[in-house]
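Below, each chain spelled out in residue letters.
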Amino acid sequence: MREFTISTLVRECQECELSALDRELVEAAKDATRTSYAPYSRFHVGAAIRMDNGEICRGSNQENAAYPSGLCAERTAAFHASASFPGMPMRKIAIAAWTEAGKPEGLPYEEYFQRLPISPCGGCRQALLEYETLHGNMEVILYGLDKIYILPSIASLLPFSFTSF
């Protein structure tokens, strides 16, 4: 038997340390949370993808009473990007979230984002990885009020991935 370690490079920063283009992408992800339809979880997620041509495609989570029929923000953003710019590489994705649970009345959503970054679910990781496998690395920016994580690729979130297709 052999043991080995898998490690992932994660950079941690504050919003003020991001480049202007990365701040713009994070703001687009935060803004996308406003279009979330989350009456069941009350957890609003937004994602924004910067395309190779500089355009930004947004997505937000969309829930449904028929639970498996809903879709996560990351996949709605990726599918929007692929449909709008077929075959074009997706270069970066930013993800942000806030929840209504325990939110004081009258507090604007901008002040109630998650303190720590959230990460995509396994299904979103796999869906995003397929685009990354086709077109090259997609950097990941996970937004939180207290800290931001930056990862070099989708593959870094999914080390034992399914890539044979």
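Preceding this section is the structure that the text describes.
Residues numbered from 1 in each chain as written. Predicted model: local features only at pLDDT ≥ 70, side-chain atom pairs only at ≥ 80, totals over all residues. Heavy atoms only, no water.

Student: Can you help me understand the packing of aromatic side chains in this one?
Tutor: Aromatic rings in a pair are described by how distant their centres are and how their planes are angled relative to each other. Tallied over the entire structure, the rule returns one aromatic pair. Ring centres of Phe-113 and Tyr-143 lie 5.8 Å apart, and the angle between their planes is 85°; this geometry places the pair in the edge-to-face category. With Phe-113 in the loop between β4 (90-99) and α3 (122-135) and Tyr-143 in the loop between β5 (139-142) and β6 (148-151), the pair connects residues that are 30 residues apart, well separated along the chain. An identical accessibility class is assigned to Phe-113 and Tyr-143; each is buried. (Phe/Tyr/Trp six-rings, centres within 6.5 Å; stacked < 30°, edge-to-face > 60°. Helix = DSSP H or I, 4+ residues; strand = E, 2+ residues; numbered from the N terminus. Buried < 20%, exposed > 50% of the residue type's maximum accessible area, 1.4 Å probe, protein only.)

Student: When you look at the pattern of salt bridges in this model, what are you seeing that I'm missing?
Tutor: Side chains that differ in sign of charge can pair as their charged atoms come close. The final tally for this structure, using the stated rule, is 10 salt bridges. The closest approach of N and O atoms between Asp-52 and Arg-91, which form a salt bridge, is 3.0 Å. Here Asp-52 is found in the loop between β2 (43-51) and β3 (56-60), whereas its partner Arg-91 is found in strand β4, with 39 residues between them in sequence. A relative accessible area of 31% means that Arg-91 is categorised as partly exposed. As a salt-bridge pair, Lys-92 and Glu-139 come within 3.1 Å of each other at their nearest N and O atoms. In this pair, Lys-92 sits in strand β4 while Glu-139 sits in strand β5, placing the two residues 47 residues apart along the sequence. The exposure class of Lys-92 is partly exposed, given its relative accessible area of 22%. One network of salt bridges, with partners in common, ties together Arg-11, Asp-22, Lys-92 and Glu-139. (Salt bridge = Lys/Arg side-chain N within 4 Å of Asp/Glu carboxyl O.)

Student: Before we go on, may I ask you to explain α3 in this structure?
Tutor: At 3.6 residues per turn, the α-helix brings residues three or four places apart onto the same side. With 14 residues, α3 extends 20 Å between its outermost C-alpha atoms, agreeing within 8% with the 20 Å of an ideal straight helix rising 1.5 Å per residue. Burial in α3 covers these residues: Cys-124, Arg-125, Ala-127, Leu-128, Leu-129, Tyr-131 and Glu-132. Of the surrounding elements, those touching the buried residues of α3 are α2 (73-84) and β4. Count one or two residues on from α3 and you reach Gly-136, which has phi positive near 100°. (Expected span 1.5 Å × (residues − 1). Contact = heavy atoms within 4.5 Å.)

Student: Looking at this model, I keep getting lost on the side chain of Thr-76. Mind explaining?
Tutor: Looking at the element boundaries, Thr-76 is found in helix α2. Residue class for Thr-76 comes out buried when judged on its relative accessible area of 19%. Separated by 2.9 Å, the side chain of Thr-76 and the backbone oxygen of Ala-73 make a polar contact. Setting aside anything within four residues of it in sequence, one finds Thr-76 in contact with Arg-58, Gly-59, Ser-60 and Leu-71. (Polar contact = N/O pair within 3.5 Å; in protein donor to acceptor, adjacent residues only side chain to side chain.)

Treat this as a map of the structure, not an account of what it does.
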